[in-house]
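# Results of the structural survey
Here is what each chain is made of, one letter per residue.
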Amino acid sequence: VQLQASGGGLVQAGGSLRLSCLVSGRDLDSYYLGWFRQAPGKEREFVGTIRWRGGMSDSIDAMRGRFIVSRDNAKNTVYLQMNSLKPDDTAVYSCAASRVTVVTPTLAYEYDDWGPGTKVTVSS
(Lines give C-alpha, C1' and ligand atoms only; values in the text may rest on other atoms or scores of the structure.)
Protein backbone atom coordinates (compact mmCIF):
# COMPACT_ATOMS: atom_id res chain seq x y z
CA VAL A 1 0.00 0.00 0.00
CA GLN A 2 1.27 3.45 -0.92
CA LEU A 3 0.27 6.49 1.09
CA GLN A 4 0.77 10.22 0.66
CA ALA A 5 -0.29 12.70 3.33
CA SER A 6 -0.95 16.34 2.57
CA GLY A 7 -2.66 19.40 3.99
CA GLY A 8 -0.26 20.42 6.72
CA GLY A 9 0.67 24.01 7.39
CA LEU A 10 0.64 26.84 9.88
CA VAL A 11 -2.54 27.53 11.83
CA GLN A 12 -3.38 29.64 14.86
CA ALA A 13 -4.46 28.07 18.14
CA GLY A 14 -8.17 27.42 18.11
CA GLY A 15 -8.23 26.94 14.37
CA SER A 16 -8.93 23.90 12.23
CA LEU A 17 -7.06 21.95 9.60
CA ARG A 18 -7.91 18.91 7.50
CA LEU A 19 -5.23 16.50 6.47
CA SER A 20 -5.65 14.11 3.56
CA CYS A 21 -4.01 10.77 2.89
CA LEU A 22 -4.20 9.44 -0.64
CA VAL A 23 -4.13 5.65 -0.56
CA SER A 24 -3.30 3.26 -3.39
CA GLY A 25 -2.84 -0.49 -3.49
CA ARG A 26 -4.66 -3.78 -3.72
CA ASP A 27 -7.06 -5.47 -1.33
CA LEU A 28 -7.60 -2.30 0.71
CA ASP A 29 -10.77 -3.77 2.23
CA SER A 30 -8.62 -5.72 4.67
CA TYR A 31 -6.77 -2.69 5.98
CA TYR A 32 -7.01 -0.10 8.70
CA LEU A 33 -5.72 3.34 7.74
CA GLY A 34 -4.30 5.26 10.66
CA TRP A 35 -2.82 8.60 11.59
CA PHE A 36 0.18 9.09 13.85
CA ARG A 37 2.06 12.18 14.86
CA GLN A 38 5.53 12.92 16.13
CA ALA A 39 6.49 16.15 17.81
CA PRO A 40 10.12 17.27 18.07
CA GLY A 41 11.89 15.32 20.79
CA LYS A 42 8.90 13.09 21.45
CA GLU A 43 7.90 9.58 20.51
CA ARG A 44 5.47 8.80 17.77
CA GLU A 45 1.88 8.99 19.01
CA PHE A 46 -1.29 7.32 17.76
CA VAL A 47 -3.97 9.79 16.68
CA GLY A 48 -6.75 7.76 15.12
CA THR A 49 -7.61 5.03 12.66
CA ILE A 50 -10.42 3.85 10.45
CA ARG A 51 -11.19 0.63 8.71
CA TRP A 52 -11.24 0.94 4.93
CA ARG A 53 -14.55 -0.90 4.82
CA GLY A 54 -17.14 -0.71 7.52
CA GLY A 55 -16.52 2.77 8.83
CA MET A 56 -15.27 1.87 12.29
CA SER A 57 -12.95 4.55 13.57
CA ASP A 58 -11.07 5.14 16.76
CA SER A 59 -8.98 7.92 18.20
CA ILE A 60 -7.17 8.36 21.48
CA ASP A 61 -9.05 9.83 24.39
CA ALA A 62 -7.00 13.00 24.50
CA MET A 63 -8.14 13.93 21.06
CA ARG A 64 -11.58 12.41 20.93
CA GLY A 65 -13.99 15.13 20.10
CA ARG A 66 -11.35 17.39 18.58
CA PHE A 67 -9.97 15.11 15.87
CA ILE A 68 -12.11 13.06 13.52
CA VAL A 69 -10.92 10.36 11.13
CA SER A 70 -13.02 9.72 8.05
CA ARG A 71 -12.64 8.31 4.57
CA ASP A 72 -13.92 8.68 1.04
CA ASN A 73 -13.53 5.34 -0.69
CA ALA A 74 -14.43 6.80 -4.07
CA LYS A 75 -11.48 9.20 -3.77
CA ASN A 76 -9.17 6.64 -2.14
CA THR A 77 -8.59 9.18 0.60
CA VAL A 78 -8.56 9.14 4.38
CA TYR A 79 -8.98 12.42 6.23
CA LEU A 80 -7.98 13.76 9.62
CA GLN A 81 -10.13 16.71 10.60
CA MET A 82 -8.48 18.61 13.42
CA ASN A 83 -10.46 21.21 15.36
CA SER A 84 -9.69 23.47 18.31
CA LEU A 85 -6.00 23.08 17.63
CA LYS A 86 -3.48 23.75 20.37
CA PRO A 87 0.25 24.50 20.20
CA ASP A 88 0.82 20.99 21.65
CA ASP A 89 -0.67 19.58 18.46
CA THR A 90 2.38 20.80 16.55
CA ALA A 91 3.98 17.73 14.95
CA VAL A 92 4.62 15.85 11.76
CA TYR A 93 1.52 13.84 10.95
CA SER A 94 1.81 10.59 9.00
CA CYS A 95 -0.68 8.11 7.66
CA ALA A 96 -0.10 4.38 7.71
CA ALA A 97 -1.77 1.12 6.72
CA SER A 98 -2.28 -1.92 8.92
CA ARG A 99 -3.30 -5.46 8.05
CA VAL A 100 -4.25 -6.09 11.68
CA THR A 101 -8.01 -6.57 11.80
CA VAL A 102 -8.67 -8.76 14.84
CA VAL A 103 -8.34 -5.73 17.09
CA THR A 104 -8.18 -2.04 16.28
CA PRO A 105 -4.50 -1.32 15.66
CA THR A 106 -3.24 1.58 17.73
CA LEU A 107 0.47 0.82 17.97
CA ALA A 108 3.00 1.90 15.39
CA TYR A 109 4.47 -1.59 15.01
CA GLU A 110 1.04 -2.86 13.94
CA TYR A 111 1.24 -0.71 10.83
CA ASP A 112 3.04 -2.12 7.82
CA ASP A 113 3.19 0.71 5.33
CA TRP A 114 3.91 4.36 5.96
CA GLY A 115 3.82 7.45 3.84
CA PRO A 116 5.89 10.62 4.22
CA GLY A 117 4.47 12.95 6.83
CA THR A 118 3.06 16.44 6.60
CA LYS A 119 4.04 19.11 9.10
CA VAL A 120 1.46 20.91 11.21
CA THR A 121 2.46 23.96 13.21
CA VAL A 122 0.03 25.57 15.63
CA SER A 123 0.96 29.04 16.79
CA SER A 124 -0.17 30.48 20.11
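Quick caveat, the model's predicted, so the values are computed rather than measured. (Residues numbered from 1 in each chain as written. Predicted model: local features only at pLDDT ≥ 70, side-chain atom pairs only at ≥ 80, totals over all residues. Heavy atoms only, no water.)

## Re the nonpolar core
Worth spelling out the cut-off: We call a set of buried residues a nonpolar core when its members are Ala, Val, Leu, Ile, Met, Phe, Trp, Tyr or Cys and they connect through side-chain atoms within 4.5 Å of each other. Only protein chains enter the accessibility calculation, which uses a 1.4 Å probe; a residue is then buried when its area is under 20% of its type maximum, exposed when over 50%, and partly exposed in between. A helix here means a DSSP run of H or I that spans at least four residues, while a strand means a run of E at least two residues long, and both kinds are numbered starting from the N terminus. Any two residues whose heavy atoms approach within 4.5 Å are treated as being in contact.
Counting residues in hydrophobic clusters, the biggest one holds 29 residues, and the most contacted among them are V23, W35, V78, L80, M82 and Y93. Going through the elements one at a time, β1 (2–6), β3 (17–24), β4 (32–38), β5 (45–51), β7 (67–72), β8 (77–82), β9 (91–98) and β11 (118–123) are the ones with two or more residues in this core. Beyond its immediate chain neighbours, meaning those up to four positions away, V23 contacts V1, Q2, L3, L28, L33, W52, N76 and V78. Membership of the second largest hydrophobic core comes to five residues, among which are Y32, F36, F46 and Y111.

## Some thoughts on the pairing of β7
Selection criterion: When DSSP finds two or more bridges between two strands, those strands count as paired.
In this structure, β7 lies alongside β8, joined through six bridges in antiparallel fashion. In the sheet register, D72 faces β8, and the bridge partner there is T77. Here β7 folds back onto β8, and the loop between the two strands holds four residues, one of which, N76, carries a positive phi near 50°.

## Observations concerning the packing of aromatic side chains
Using the following cut-off: Between rings of Phe, Tyr and Trp, where Trp is taken as its six-membered ring, a pair exists when centres lie within 6.5 Å; planes separated by under 30 degrees are stacked, by over 60 edge-to-face, and by other angles tilted.
Throughout the structure, instances matching the rule amount to four aromatic pairs. Taking the centre distance of 5.0 Å and the plane angle of 50° together, the rings of F36 and W114 count as tilted. Of the two residues, F36 sits in strand β4 while W114 sits in strand β10 (residues 113–114), which places them 78 residues apart along the sequence. Judged by relative accessible area, F36 falls into the buried class, the value being 3%.

## Let's talk about unusual backbone geometry
The phi dihedral of N76 falls on the positive side, at around 50°, and the residue is not glycine. Among the structural elements, N76 can be located in the loop between β7 and β8. In this structure, S84 takes a positive phi of about 50° despite not being glycine. Given a relative accessible area of 42%, S84 falls into the partly exposed group.

## Considering the state of the cysteines
Cysteine pairs can be covalently joined through their sulfur atoms, and such a bond is termed a disulfide. Our working definition: Disulfides are defined in this document as cysteine sulfur pairs within 2.5 Å.
Tallied over the entire structure, the rule returns one disulfide. Between the sulfur of C21 and that of C95 lies a disulfide, 2.1 Å long from S to S. With the S-S dihedral at roughly 75°, the linkage between C21 and C95 falls on the right-handed side. Separated by 74 residues along the polypeptide, C21 in strand β3 and C95 in strand β9 bring together distant segments of the chain. Neither C21 nor C95 differs from the other in exposure class; each is buried.

## Quick look at the environment of R44
Positionally, R44 belongs in the loop between β4 and β5. Given the relative accessible area of 43%, R44 is considered partly exposed. Taking the C-alpha atoms as reference points, R44 and R99, separated by 55 residues in sequence, lie 19 Å from one another. The contacts of R44, once residues within four sequence positions are left out, are F36, R37, Q38, A108 and W114.

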